[in-house]
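# Residue-level structure breakdown
Here's the letter readout for the chains.
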Amino acid sequence: MRHVPCVEHGIPIPLPAVQHRRDIEGLRAIAVLIVIAYHAGIPGWSGGFIGVDVFFVISGFLITSLLINERESDGNVALRTFYARRIRRLLPISSFVAVVSVVGALTILPSTTFSSLGSDVVAAAGFFVNMLFAIRGTDYLAGDTDPSIIQHYWSLAVEEQFYLIWPGLIAIVTIGAQQVRRRITPVIIAVIGASFTASVVLTPTSPTWSYFGLHTRAFELGVGALLAVQWPLVEGWGQSTRRALGWAGLIVIGGSIPLAAAVDHFPGWVAAIPVLATAAAIAGGDTTERGAELLLRRQPLQWIGERSYSLYLWHWPVLVLGTGLVGRTLSWFETVAAIAFTFAL
């Protein structure tokens, strides 16, 4: 089992009712399954950490859609409501899983993990655990004897740091704008450009900070945000174009897994491939005839997508505690049992 913390994700927060789309729910299912397969050490899925990138794009798209629609319909961005909604969706289960994970770690894992457990929990609660792992120099492409039980919370921290800034930025930039989408578009493009440049330039020299940092991940959320802002334009594209985009997006997401596994550092320029592929899959929509929604709307994927946040939170501590319990790498049967237990939770 490899210890890379993922998710993806990007946080797979339950979809708000007003934004529910079967294709996006299916994409979330695919993303979380990729991450679980990767962390479980299933052969052929060693690049499965790109599931995080899929989640980031989805999150950027959904949240920005809500903010822009609110700005256009009500004339303002209710920041207090925005953050209250996220707290209600995120904190109950993430706090519960963290508590259970810590108790399990104290009971099962070797005492060598205890020294950092307290700081990990505090950092996770404050949504800066990604910075802690970067400072610590966590190696995300190599196995680790004592991985953190809540290492996967890094992606929640990245998203919350992004959304600490994003709603306010949209509110300020669009003050007095009659055409909200036109006003915000250059800002989003600037964020994407700066972050992607940082990812390409800094990843080879500062791989740990680049993997865990907001500065190199913001472009992934930004691509989703740009798609949300330009959605009226996308809806005007022909059915054949959107159908092709949807299927191509799914295919390229799959192809990104072995590609990501072959690189020495991530994100870098390679991250742009699953990011753009996810944007293409979302652009395909959920009403396109013979589009990718034919696959994504299948009931098993819908069921998994609806529970993707919970699956993401539970799968890592189950795998880590399972490994600690048996005192060795999990066998294939034990891995299957751990995954089944994750679904049961």
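Residues numbered from 1 in each chain as written. Predicted model: local features only at pLDDT ≥ 70, side-chain atom pairs only at ≥ 80, totals over all residues. Heavy atoms only, no water.

### Digging into the overall build of the protein chain
Just so we agree on the cut-off: Where helices and strands are cited, they refer to DSSP runs of H or I of at least four residues and of E of at least two residues respectively, numbered from the N terminus. Computation of the radius of gyration draws on C-alpha atoms, with the globule rule given as 2.2 Å multiplied by the number of residues to the power 0.38. Each residue is placed in one exposure class: buried if its accessible area under a 1.4 Å probe, protein chains only, is under 20% of its type's maximum, exposed if it is over 50%, and partly exposed if it falls in between. Only the protein chains shown count as cover for residues, and the accessible areas themselves come from Shrake-Rupley with a 1.4 Å probe. Charge counting follows a simple rule: Lys and Arg are positive, Asp and Glu are negative, and His as well as the terminal groups are ignored. Charged side chains are reduced to one point each, which is NZ for Lys, CZ for Arg, CG for Asp and CD for Glu.
Along the protein chain, the regular secondary structure elements total 16 helices and 0 strands. The C-alpha atoms of the protein chain give a radius of gyration of 19 Å, which matches the 20 Å a tight globule of 345 residues would have. Looking at the 345 residues of the protein chain, the share that counts as buried comes to 56%. Surface accessibility of the protein chain: about 14,100 Å² in total, with carbon and sulfur atoms responsible for 66%. Distance from the positive charge centre (22 side chains) to the negative charge centre (21 side chains) of the protein chain: 7 Å.

### Some points on a nonpolar patch on the surface
Note the following rule: Nonpolar side chains (Val, Leu, Ile, Met, Phe, Trp, Tyr) within 5 Å and like charges within 9 Å form the patches, drawn only from residues with over 30% relative accessible area and no salt bridge. For salt bridges, the criterion is a side-chain nitrogen of Lys or Arg within 4 Å of an Asp or Glu carboxyl oxygen.
The grouping of V122, F128, M131, I135 and W209 at the surface amounts to a nonpolar patch, some 500 Å² of accessible area in total. Within the secondary structure layout, I135 lies in helix α5 (residues 129-136). Residue I135 is classed as exposed on the basis of its relative accessible area, which comes to 63%.

### Considering the packing of aromatic side chains
Aromatic rings in a pair are described by how distant their centres are and how their planes are angled relative to each other. Quick note on the threshold: Stacked, tilted and edge-to-face pairs are distinguished by plane angle, under 30 degrees for stacked and over 60 for edge-to-face with tilted covering the rest, among Phe, Tyr and Trp rings (Trp via its six-membered ring) whose centres lie within 6.5 Å. We call a charge positioned above a ring when the Lys NZ or Arg CZ atom is no farther than 6 Å from the ring centre and deviates by at most 35 degrees from the ring normal.
In total, this model carries 16 aromatic pairs according to the counting rule given. Consider the rings of F82 and Y83, whose centres lie 5.0 Å apart with planes at 80 degrees: the pair is edge-to-face. Summarising the aromatic geometry, the rings of F96 and W314 are spaced 6.1 Å apart at their centres and angled 80 degrees between planes, so their arrangement reads as edge-to-face. Taken as a pair, F96 in helix α3 (residues 79-108) and W314 in helix α15 (residues 308-326) lie far apart in primary sequence, 218 residues in all. Across from the ring centre of Y211, 4.7 Å away, lies the NZ or CZ of R217, which sits over that ring.

### A short note on the pattern of salt bridges
In the structure shown here, the tally under the stated rule is 11 salt bridges. A salt bridge links E72 to R181; its shortest N-O distance comes to 2.9 Å. With a gap of 109 residues between them, E72 in helix α2 (residues 51-74) and R181 in helix α7 (residues 180-202) connect regions that are remote in the sequence. Given the relative accessible area of 17%, R181 is considered buried. Among the ionic pairs, R217 bridges to E220, the shortest N-O distance being 3.2 Å. One end of the pair, R217, and the other, E220, are both in helix α9 (residues 214-229), 3 residues apart, so they sit about a helical turn from each other. When its relative accessible area of 0% is taken as the criterion, E220 is described as buried. What you see here is one network of salt bridges that share partners, running through R22, E293 and R297.

### Some remarks on helix α4 (residues 114-125)
The cut-off we apply is this: Helices are assigned an expected span. That span is 1.5 Å times one less than the residue count. In this description, one arc is meant: the one made by directions from the helix axis to the C-beta atoms. By definition in these notes, contact holds between two residues if any of their heavy atoms fall within 4.5 Å.
Relative to the 16 Å expected for 12 residues at 1.5 Å per residue, α4 spans 17 Å between its end C-alpha atoms, a close match to the ideal helical length. Among the residues making up α4, those that are buried are L117, D120, A123 and A124. Each buried residue of α4 lies within a common arc of 140 degrees when the element is viewed along its axis, so the set occupies one face. The exposed residues of α4 that point more than 90 degrees off its buried face are S115, V122 and A125. For α4, the secondary structure elements touched by its buried residues are α3 and α5. A positive backbone phi angle near 60 degrees is found at F127, which sits one or two residues after α4.

### Let's talk about the packing of α2 against helix α6 (residues 154-173)
Applied cut-off: Lines fitted to C-alpha atoms define the axes here, with helix axes fitted over just the stretch in contact, and angles between the N-to-C directions of these axes take values from 0 to 180 degrees. Any angle that is under 35 degrees is reported as roughly parallel, and any over 145 degrees as roughly antiparallel; angles of 65 to 115 degrees are reported as roughly perpendicular and all others as oblique. Crossing handedness: left-handed means the near helix sits turned counterclockwise from the far one by under a right angle, and right-handed means the same turn made clockwise. Amino acid classes used here: Ala, Val, Leu, Ile, Met, Phe, Trp, Tyr, Cys and Pro are nonpolar; Asp, Glu, Lys and Arg are charged; the rest, including Gly, are polar.
Here α2 crosses α6 at 25 degrees, and the two axes come no closer than 11 Å. Considered as vectors, α2 and α6 are oriented roughly parallel to each other. Where α2 crosses over α6, the two elements pack in a sense that is right-handed. Where α2 approaches α6, its residues V52, F55, F56, S59, G60, I63, T64, L67, I68 and R71 are matched on the opposing element by W154, S155, V158, E159, Y163, W166, P167, I170 and A171. Class assignment of the residues belonging to the contact of α2 with α6 gives a composition of 13 nonpolar, 4 polar and 2 charged.

### Observations concerning α3
Short version of the rule: Here the bend at a residue is taken as the angle between two axes, fitted respectively to the seven residues that end there and the seven that start there.
With 30 residues, α3 extends 42 Å between its outermost C-alpha atoms, agreeing within 8% with the 44 Å of an ideal straight helix rising 1.5 Å per residue. The sharpest bend along α3 measures roughly 35 degrees and falls at L91, with the proline P92 sitting one to four residues further on. For α3, the complete set of buried residues consists of F82, R86, L90, S94, V97, A98, S101, V102, G104 and A105. Tucked inside the fold, the buried residues of α3 contact α2, α4, α6 and α15.

### Re the nonpolar core
Put simply, the rule is: We define the nonpolar core as a collection of buried residues of types Ala, Val, Leu, Ile, Met, Phe, Trp, Tyr and Cys that are connected through side-chain atoms lying within 4.5 Å of one another.
Counting residues in hydrophobic clusters, the biggest one holds 100 residues, and the most contacted among them are Y153, W154, F266 and I282. Ranked by residue count, the leading element in this core is α2, at 12 residues.

### Overview of unusual backbone geometry
The linkage connecting F266 with the following residue, P267, adopts the cis geometry, with an omega of 15 degrees. Tracing the backbone through its elements, the reader meets P267 in the loop between α11 (239-261) and α12 (272-283).

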